[in-house]
Amino acid sequence: MTSLHTVVQARNGDLDAFESLVIEHTPAVYRVARAIVGEANAPDVVQEVFLAAWRELPRLRDPARFAPWLQRICVNRCRSELRKRRGLREIPVEALGVTSTPRSFDLRPGAEARALIAPGLARLSLDHRTLIALHYAAGMPLSD
């Protein structure tokens, strides 16, 4: 959980504090980016997210809302990426909550689930896919 003190330090220009925030929040930001723009483009989006966060951090009014603020930056960067690619939208189902490889390495249940869910996800609007990604991939409460 993000320390309010760490966010305040980073907001005041402390690079070590910001590095701690990057390390802590990269997995969640990456899962959301991957769910919205796909595996190939997610790393670039994540890098853009943290560059934007560093530039905008001094203007963050409520340090306690750092995580939702960062996810909003992520969603905005994903939207920009999708606009650049003009309609090529993908959402890998494995980005929605899969956090580890099963011990048995039997990937059939996951593949079967993806095959059942993928057509429905493909029909969702970008906004709905974004909500699903933020809730299931980043673990954000629906109220946020």
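For clarity, every value in this text was computed on a predicted model and none was experimentally measured.

Draft legend 1. Structural context of the overall build of the protein chain. Scanning the protein chain from N- to C-terminus turns up six helices and zero strands. Secondary structure elements of the protein chain, listed N to C terminal, follow the sequence α-α-α-α-α-α. By residue count, 36% of the 144 residues in the protein chain fall in the buried class. A separation threshold of at least 6 residues defines the contact pool for the protein chain, and within that pool the share at least 24 residues apart is 69%.

Draft legend 2. View of the pattern of salt bridges. All told, the structure shown has four salt bridges when counted by the stated rule. Two residues, arginine 34 and glutamate 39, come together in a salt bridge whose shortest N-O distance is 3.8 Å. The salt bridge partner of aspartate 127 is arginine 79, with a shortest N-O separation of 2.1 Å. On the criterion of sequence distance, the pair formed by aspartate 127 in helix α6 (residues 126-137) and arginine 79 in helix α4 (residues 66-85) is long-range, its members being 48 residues apart. Judged by its relative accessible area of 26%, arginine 79 is partly exposed.

Draft legend 3. Seen up close, the packing of helix α1 (residues 4-11) against helix α2 (residues 15-37). Here α1 crosses α2 at 125°, and the two axes come no closer than 7 Å. One element, α1, and the other, α2, form an angle in the oblique class. For the element pair α1 and α2, the recorded crossing hand is left-handed. Along its contact with α1, which presents Thr6, Val7, Gln9 and Ala10, the element α2 presents Ala17, Phe18, Ser20 and Leu21.

Draft legend 4. The arrangement of α1 in detail. Turning to α1, its buried residues number three or more, namely Thr6, Val7 and Ala10. With its buried residues spanning 100° around the axis, α1 presents them on a single face. Where α1 is buried, its residues contact α2, α3 (42-56) and α4. You can read the cap of α1 off the contacts: a side-chain oxygen lies 3.2 Å from the backbone nitrogen of histidine 5, and it is on serine 3. Glycine 13 sits one or two positions beyond α1 and adopts a positive phi of about 100°.

Draft legend 5. Spotlight on the environment of leucine 70. Along the chain, leucine 70 turns up in helix α4. C-alpha separation for the pair leucine 70 and valine 49, spaced 21 residues apart in sequence, amounts to 7.6 Å. Those residues in contact with leucine 70 that lie beyond four places of it in its chain are His25, Val29, Val49, Phe50 and Ala53.

About the criteria used
Sequence order as written defines the numbering, with residues in each chain counted from 1. The model is predicted, so local features are restricted to residues of pLDDT at least 70 and side-chain atom pairs to those at 80 or more, both for listing and for counting; the totals for chains, interfaces and linings are taken over all residues. In computing side-chain values, all of the structure's heavy atoms are included and hydrogens and water are not. Secondary structure elements are defined from DSSP: runs of H or I of at least 4 residues count as helices, runs of E of at least 2 residues count as strands, and each element is numbered from the N terminus. Type-normalised accessible area, obtained with a 1.4 Å probe on protein chains alone, sets the label of each residue: buried when under 20%, exposed when over 50%, and partly exposed for intermediate values. We call two residues in contact whenever any of their non-hydrogen atoms come within 4.5 Å of each other. Salt bridges are defined by distance alone: a side-chain nitrogen of Lys or Arg within 4 Å of a carboxyl oxygen of Asp or Glu. Fitted lines through C-alpha atoms give the axes, limited to the stretch in contact for helices. The angle between two N-to-C directions lies from 0 to 180 degrees. In these notes the angle categories are as follows: under 35 degrees is roughly parallel, over 145 is roughly antiparallel, 65 to 115 is roughly perpendicular, and the rest is oblique. Left-handed describes a crossing in which the near helix is turned anticlockwise from the far one by less than a right angle; the clockwise case is right-handed. To be clear, the arc concerns the directions from the helix axis to the C-beta atoms. Pairs of N or O atoms within 3.5 Å make up the polar contacts considered here, provided that, within protein, one atom can donate a hydrogen while the other can accept it, and that residues adjacent in sequence are counted only when both atoms are side-chain atoms.

Note that all results are geometric; they support no functional claim without further evidence.
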